[in-house]
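Observations on chain architecture
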Amino acid sequence: MGTLKRRVKTNRFGWCEVICENPLTVRFENTGFATKVANPHNLKIGSIRDPLAKVIHGFGFYGDYSLRSKFPKEHDLWKSMITRVFTSKDYANCCICDDWSCLQTFITDIHAMKNWNTKGFQLDKDLRILGNTEYSPFTCSFVPQAINAALTRSSRGKLPSGVSVARNKFHAQITRHGRLEHLGNYDTIEEAREVYLFEKCATLKMYAKEYKNSLHKEVYATLRSITPQLLESCGF
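Note that the coordinates shown come from a computational prediction; the quantities given were computed from them, not determined experimentally.

**A few points about the packing of aromatic side chains**
Using the criterion set out here, one finds seven aromatic pairs in the structure. Their ring planes at 85° and their centres at 4.9 Å tell us that Trp 100 and Phe 106 sit as a pair that is edge-to-face. Residue classification places Phe 106 among the buried positions, given a relative accessible area of 0%. Ring centres 6.2 Å apart and planes at 50° place the aromatic pair Tyr 207 and Tyr 211 in the tilted group. Tyr 211 carries the same exposure label as Tyr 207, and that label is buried. Ring-pair connections join several aromatic residues into one group, and the members of that group are Phe 13, Phe 28, Tyr 62, Tyr 65 and Trp 78. Seen from the ring of Tyr 65, Arg 49 lies directly overhead, with NZ or CZ sitting 4.5 Å from the centre. The lysine or arginine in question, Arg 68, covers the ring of Tyr 62, its NZ or CZ lying 5.1 Å from the ring centre.

Below, the structure written as structure tokens:
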């Protein structure tokens, strides 16, 4: 008869099996990940961790738990990205590539991106391919906060972005460099929306010129060629 292997219940990661007593080595049943256990007491109290367990909204895993403290900024960016996609109704149609389910891979990929660590720059998925809905190393880049803010969908109730209503008039408004600007009052939603889209295109082209040397070349090309029709079709 073969030797009966021990099974131990961990605090957060389900069952693991002791596959070797010397050196003490376990394999997590949920992921198949095997690791040596330096302190037997940690195994006894179930305090061992599986770096392949999908602990962030059932999607994200660390690969290496030490990365949380070694790269806090990257960790927070990764976690907030996953949280947005899995909990916000504004991101209901968005997704994240499988590779970025792993923090370790995410860190490697964004470190290769221009301005990832530049103050005032934010991770963007919309502009390398206009209207893209997937976060991935092939669709994302870092852009100035002003550009990200200009693409924010800010509808009020059933009204489209850039349009509000008061006293039976429809107001067109846009945010430029952090300041809300009013673009006039109109009799119809369509008129206010048309003015808003025209000004949004002008604003994005202005930003393209202003930040040309800081932008990914595909982002710059998108901003320079943007039209009201493209913005409308992508829901901006």
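Here the narrative resumes.
**A closer look at helix H6 (residues 189–210)**
Helical geometry note: an α-helix holds 3.6 residues per turn, so side chains three or four residues apart project in the same direction. Over its 22 residues, H6 extends 31 Å from the first C-alpha to the last, a length consistent with the 32 Å expected when each residue adds 1.5 Å. Listing the buried residues of H6 in full gives Ala 192, Arg 193, Tyr 196, Leu 197, Lys 200, Cys 201, Thr 203, Leu 204, Tyr 207 and Ala 208. Lining the buried residues of H6 we find helix H5 (145–150), strand S9 (163–166), strand S10 (169–176), strand S11 (179–186), helix H7 (217–225) and helix H8 (228–233).

**Considering the sheet that holds S10**
Strand order in this open sheet of three strands is S9-S10-S11, and the pairing throughout is antiparallel. Among the strands making up the open sheet, the edge pair consists of S9 and S11. Between one strand axis and the next, the sheet turns by 35° as a mean value, whatever way the strands run. Two strands pair when backbone bridges link them, and S10 and S11 are joined in this way by six bridges, in the antiparallel orientation. Within S11, the position partnered with Arg 176 by the bridge is Arg 179. Sheet strands in contact with H6 are S9, S10 and S11, and its direction is about 10° off that of S10.

**A look at the nonpolar core**
Residues Leu 43, Trp 78, Met 81, Ile 96, Trp 100, Phe 106 and Tyr 135 are the most contacted members of the largest nonpolar core, which totals 35 residues. Secondary structure elements with two or more residues in this core: strand S2 (15–21), strand S3 (24–28), helix H3 (72–87), helix H4 (103–111) and strand S6 (121–124).

Definitions and limits used
Residues numbered from 1 in each chain as written. Predicted model: local features only at pLDDT ≥ 70, side-chain atom pairs only at ≥ 80, totals over all residues. Heavy atoms only, no water. Phe/Tyr/Trp six-rings, centres within 6.5 Å; stacked < 30°, edge-to-face > 60°. Buried < 20%, exposed > 50% of the residue type's maximum accessible area, 1.4 Å probe, protein only. Lys NZ or Arg CZ within 6 Å of the ring centre and 35° of its normal. Helix = DSSP H or I, 4+ residues; strand = E, 2+ residues; numbered from the N terminus. Expected span 1.5 Å × (residues − 1). Contact = heavy atoms within 4.5 Å. Pairing = 2+ DSSP bridges. Axes fitted to C-alpha atoms, helices over the stretch in contact; angles between N-to-C directions. Core = buried A, V, L, I, M, F, W, Y, C linked by side-chain atoms within 4.5 Å.

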